[in-house]
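Analysis of the macromolecular model
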Amino acid sequence: MSRLRIYDETRGDAALARHDRHADIARELAAVGVRFEQWQATQPLAPGASQDEVIAAYRDDIDRLMREQGYRSVDVISLTPDHPDRAALRRKFLSEHTHSEDEVRFFVAGSGQFTLHIDGKVYEVLCEQGDLIGVPDGTRHWFDMSESPYFVAIRLFTNTEGWVARFTGEDIAERFPRMTPHPSAAKAN
Ligand SMILES: [Fe+2]
């Protein structure tokens, strides 16, 4: 189940609020300029579907967002718990950073945890299958895929060459909860 927990930036051990309903999560995030949507596949997707099949199943929503936001390219990333580089891949975005373009992810399967640091608060968003999150450029955040990564995600970009993390040098991410593996990932291990 998707989940949003909101913290004061100084207290990673005590959430101020927790939301499990999609509409509540979307409302709280919209208030700080973060997009959160649920998308439905327009055609069935079997495990092991190709990148083209995945994109085709969500074509209408992808096109809408590309039109509205000016994104110019789209791809699909897939990670499984047995990936040999999973520890290194996890560490890559585990500390607070920003990007010069929006970070837009739609979870076709599995889950991932985005934590956003905005105006003295921390918004921890557990994204599950069917969730889209759009983190605006310049927003401080980090991303956790847990020690057993399991997700298929569509990514939208304005410019893939600009896809570089600028680390803030702050250690705030270490004071907030890390992601618990997806139940399917735990079974697969
Ligand atoms: Fe990021």
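Just so you know, these numbers come straight off a predicted model, no measurement behind them. (Residues numbered from 1 in each chain as written. Predicted model: local features only at pLDDT ≥ 70, side-chain atom pairs only at ≥ 80, totals over all residues. Heavy atoms only, no water.)

1. Focus on the side chain of Arg155
- Structurally, the position occupied by Arg155 is in strand β11 (residues 151-157).
- With residues up to four places along the chain from it excluded, the contact list for Arg155 reads Ser73, Val74, Asp75, Ile77, Val104 and Arg105. (Helix = DSSP H or I, 4+ residues; strand = E, 2+ residues; numbered from the N terminus. Contact = heavy atoms within 4.5 Å.)

2. So, the coordination of the iron ion
- Summarising the metal site, the iron ion is bound by the protein donors His97 (NE2), His99 (NE2), Glu103 (OE) and His141 (NE2), whose distances to it range over 2.1 to 2.2 Å.
- Coordination geometry of the iron ion: the 4 donor atoms subtend angles of 81 to 167 degrees at the metal centre, consistent with an arrangement described as irregular.
- All donor residues of the iron ion come from one chain, and their arrangement in sequence is H-x1-H-x3-E-x37-H. (Donors = N, O, S within 2.8 Å, 3.2 Å for Na, K, Ca; no water. Tetrahedral: all angles 85-135°; square planar, octahedral: opposite > 155°, others 65-115°.)

3. Here's the deal with the sheet that holds strand β6 (residues 103-110)
- Read from one edge to the other, the open sheet built from 5 strands follows the order β3-β9-β6-β11-β4, with strand pairing classed as antiparallel. The two strands at the open ends of the sheet, each matched to only one other strand, are β3 (35-38) and β4 (73-79). When strand polarity is set aside, the average angle formed by the axes of neighbouring strands in this sheet is 20 degrees.
- Where β4 and β11 come together, 7 bridges link them in antiparallel fashion. Each bridged residue has a counterpart across the sheet, and for Asp75 the counterpart in β11 is Arg155.
- Each of β3 and β9 (131-135) touches helix α1 (residues 22-30); the most contacted strand, β3, lies at about 160 degrees to it.
- In this fold helix α3 (residues 59-69) packs onto β3, β4, β6, β9 and β11, with an angle of close to 160 degrees to the strand it touches most, β3. (Pairing = 2+ DSSP bridges. Axes fitted to C-alpha atoms, helices over the stretch in contact; angles between N-to-C directions.)

4. Focus: the pairing of β6
- Most of β6 sits out of view: 8 of its 8 residues are buried.
- Across 4 bridges, β6 lies against β9 in antiparallel orientation. Bridge pairing in β9 places Val104 opposite Gly134.
- Alignment of β6 against β11, held across 6 bridges, turns out to be antiparallel. Directly across from Val104, in β11, lies its bridge partner Leu156. (Buried < 20%, exposed > 50% of the residue type's maximum accessible area, 1.4 Å probe, protein only.)

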